[in-house]
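In case you want the letters, here they are:
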Amino acid sequence: MIKFNGNHTSSALNKERSGLAAVDCLSLPSKFSGAAYYIFNLTRAILEIRRSFRIIILCRPEHERLFQSMMDKDDELLTLHLQNRFERLWFYEFRLKKLLEERSVGLFYAMHYITPPRSEKYRIINTVHDLGFLLYPHYYSPIKRTYFGMRMPVFLNRSDRIIAISKTTASDLKRCFPELSSRVLINIPGTDHILQSSSPKQGKLPKNPFLLAVNTFEKRKNIPFLIDVFNLLKSRYQLPHKLILVGQKAKGTREVEKKRNASPFKNEILLPDWVEEQTLAAYYQECDAFINASLYEGFGFTPMEASRCNRPVFLYRNNTVAELLGDAACLLNHLDVQRWATVIYEARQNNYRNRLLAEDVQLTTWLQSAAVAAAEIEELLPKDEVRVSQ
């Protein structure tokens, strides 16, 4: 079932617009994490900026409320009742092209890899978050690595522009698909959404000081390593802290739970599962320090969110951390449990004097990311479909 909604708010900045861009938000889950924050916040920011084109948002019915108040009177919402992942993939491949042509859409903006077949009537911008399922398939489920391994070349070849969310992802794309190098553009995501969570919810934060890690429980996030570090901090240095591991369950959950249950400090290792953004902001603001040892990322939101909140951070220097934070003293080039524990303990004894400060981190805002995205949309929309606002 497909439902169309117009919006009746008005915009003083956008009085005359033509050219219709469809923004794909169908991949948004019920509970947000990394890629979902990207899809929602970039879409929100594109809706907010001055632009010369109209927008039609494709989303699930449960997400309609997220966008309605942001839309201008000439924008639209298209809600799609797709029951499961198979039905969604079938829709992209066999129904979406006709729908876009019937709606006179001039450009389709894919926010999460998957595109419809090409058409003479519209152009396609595709977003690639990472190529981990090709480069590190052992971190992913057989279904995901098989499906994307087979279909990714198809989706990329359908795309007129390929947006990489980091230099690392752009380099991976050019290495794996050199024939498409000229189509690749880097657009770094914003990270200021965590600061926009006004009146953060305190919830049931522990009374003890705590270390914080925020990751989906995937194997590549290396969460059992963090538990090993915490165990040593407790046993060797009698650290009074708890460890809070925030994250949705995924392929690595069983290993995390096993490691936690085997810890002599298991009652001080908290696994609150997913938390809403306001509660997450409270965790960031109240933690004594943030730790992350992820092995591979397409971008890696949580270290940047913690930095935005001006918290001391201790990070494994993976591909994107190195790209975004350079040679900061808080970055560790190794995965040695004893050395991690020593660094964290000594930094705390020194009141985190040499920690990375928020003003030292050059991070992008969502409005900056949206400006790049809007410029690409305007460039690729058929020229007779675009009329700049007066």
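The paragraphs below set out a description of the structure included in this document. (Residues numbered from 1 in each chain as written. Predicted model: local features only at pLDDT ≥ 70, side-chain atom pairs only at ≥ 80, totals over all residues. Heavy atoms only, no water.)

With that settled, the discussion passes to the packing of aromatic side chains. Overall, the coordinates contain 19 aromatic pairs when judged by the stated rule. Measuring from centroid to centroid gives 6.2 Å for phenylalanine 210 and tyrosine 283, while their planes differ by 90°, and the two rings are edge-to-face. Linking phenylalanine 210 in strand E9 (residues 210-214) with tyrosine 283 in helix H10 (residues 277-286), this pair joins segments that are 73 residues apart in sequence. (Phe/Tyr/Trp six-rings, centres within 6.5 Å; stacked < 30°, edge-to-face > 60°. Helix = DSSP H or I, 4+ residues; strand = E, 2+ residues; numbered from the N terminus.)

Taken together, six strands build an open sheet; the order of strands is E11-E10-E9-E12-E13-E14 and the sheet is parallel. Since the sheet does not close on itself, it has two edges, and those belong to strand E11 (269-273) and strand E14 (331-332), each with one partner. In the packing of helix H11 (residues 301-308) onto the sheet, the strands contacted are E9, strand E12 (289-292) and strand E13 (313-316), and the crossing angle to E12 comes to about 165°. Taken strand by strand, helix H13 (residues 337-349) contacts E12, E13 and E14, and its axis lies near 160° from that of E13. (Pairing = 2+ DSSP bridges. Contact = heavy atoms within 4.5 Å. Axes fitted to C-alpha atoms, helices over the stretch in contact; angles between N-to-C directions.)

Of note in the backbone geometry, tyrosine 113 takes a positive phi value of approximately 80° without being a glycine. With respect to the helices and strands, tyrosine 113 occurs in the loop between strand E5 (107-110) and strand E6 (123-128). Classification of tyrosine 113 by relative accessible area gives buried; the value is 4%. Phi at asparagine 222 takes a positive value of approximately 60°, unusual for a residue other than glycine. In this fold, asparagine 222 is placed in the loop between E9 and helix H8 (223-237). (Buried < 20%, exposed > 50% of the residue type's maximum accessible area, 1.4 Å probe, protein only.)

Attention now goes to the side chain of aspartate 172. Tracing the backbone through its elements, the reader meets aspartate 172 in helix H7 (residues 167-176). Its relative accessible area of 7% is what places aspartate 172 among the buried residues. Only 3.3 Å separates the side chain of aspartate 172 from the side chain of tyrosine 296, close enough to count as a polar contact. In this view, aspartate 172 contacts Leu131, Leu135 and Tyr296; residues no more than four positions away in its chain are not counted. (Polar contact = N/O pair within 3.5 Å; in protein donor to acceptor, adjacent residues only side chain to side chain.)

Side chains of a nonpolar character, in soluble globular proteins, are inclined to be buried together. If you look at the biggest cluster of nonpolar residues, it comprises 67 residues, and the most contacted ones within it are Tyr38, Leu42, Ile57, Phe67, Tyr109, Leu212 and Tyr284. For this core, the leading source of residues is helix H1 (residues 34-48), giving nine residues. When neighbours within four sequence positions are excluded, isoleucine 57 is seen to be in contact with Val23, Cys25, Thr43, Leu47, Phe67, Met71, Glu76, Leu77 and Leu78. (Core = buried A, V, L, I, M, F, W, Y, C linked by side-chain atoms within 4.5 Å.)

What follows is about the packing of H8 against H13. Relative to each other, H8 and H13 sit at 60°, their axes nearing to 9 Å. Compared by their axis directions, H8 and H13 come out oblique. Here the hand of the crossing between H8 and H13 comes out right-handed. Along its contact with H8, which presents Phe225, Leu226, Asp228, Val229, Leu232, Leu233, Arg236 and Tyr237, the element H13 presents Val337, Gln338, Trp340, Ala341, Thr342, Ile344 and Tyr345. Its residues assigned to classes, the contact of H8 with H13 shows eleven nonpolar, two polar and two charged. (Parallel < 35°, antiparallel > 145°, perpendicular 65-115°, else oblique. Left-handed = near helix turned anticlockwise from the far one by under 90°. Nonpolar A, V, L, I, M, F, W, Y, C, P; charged D, E, K, R; others polar.)

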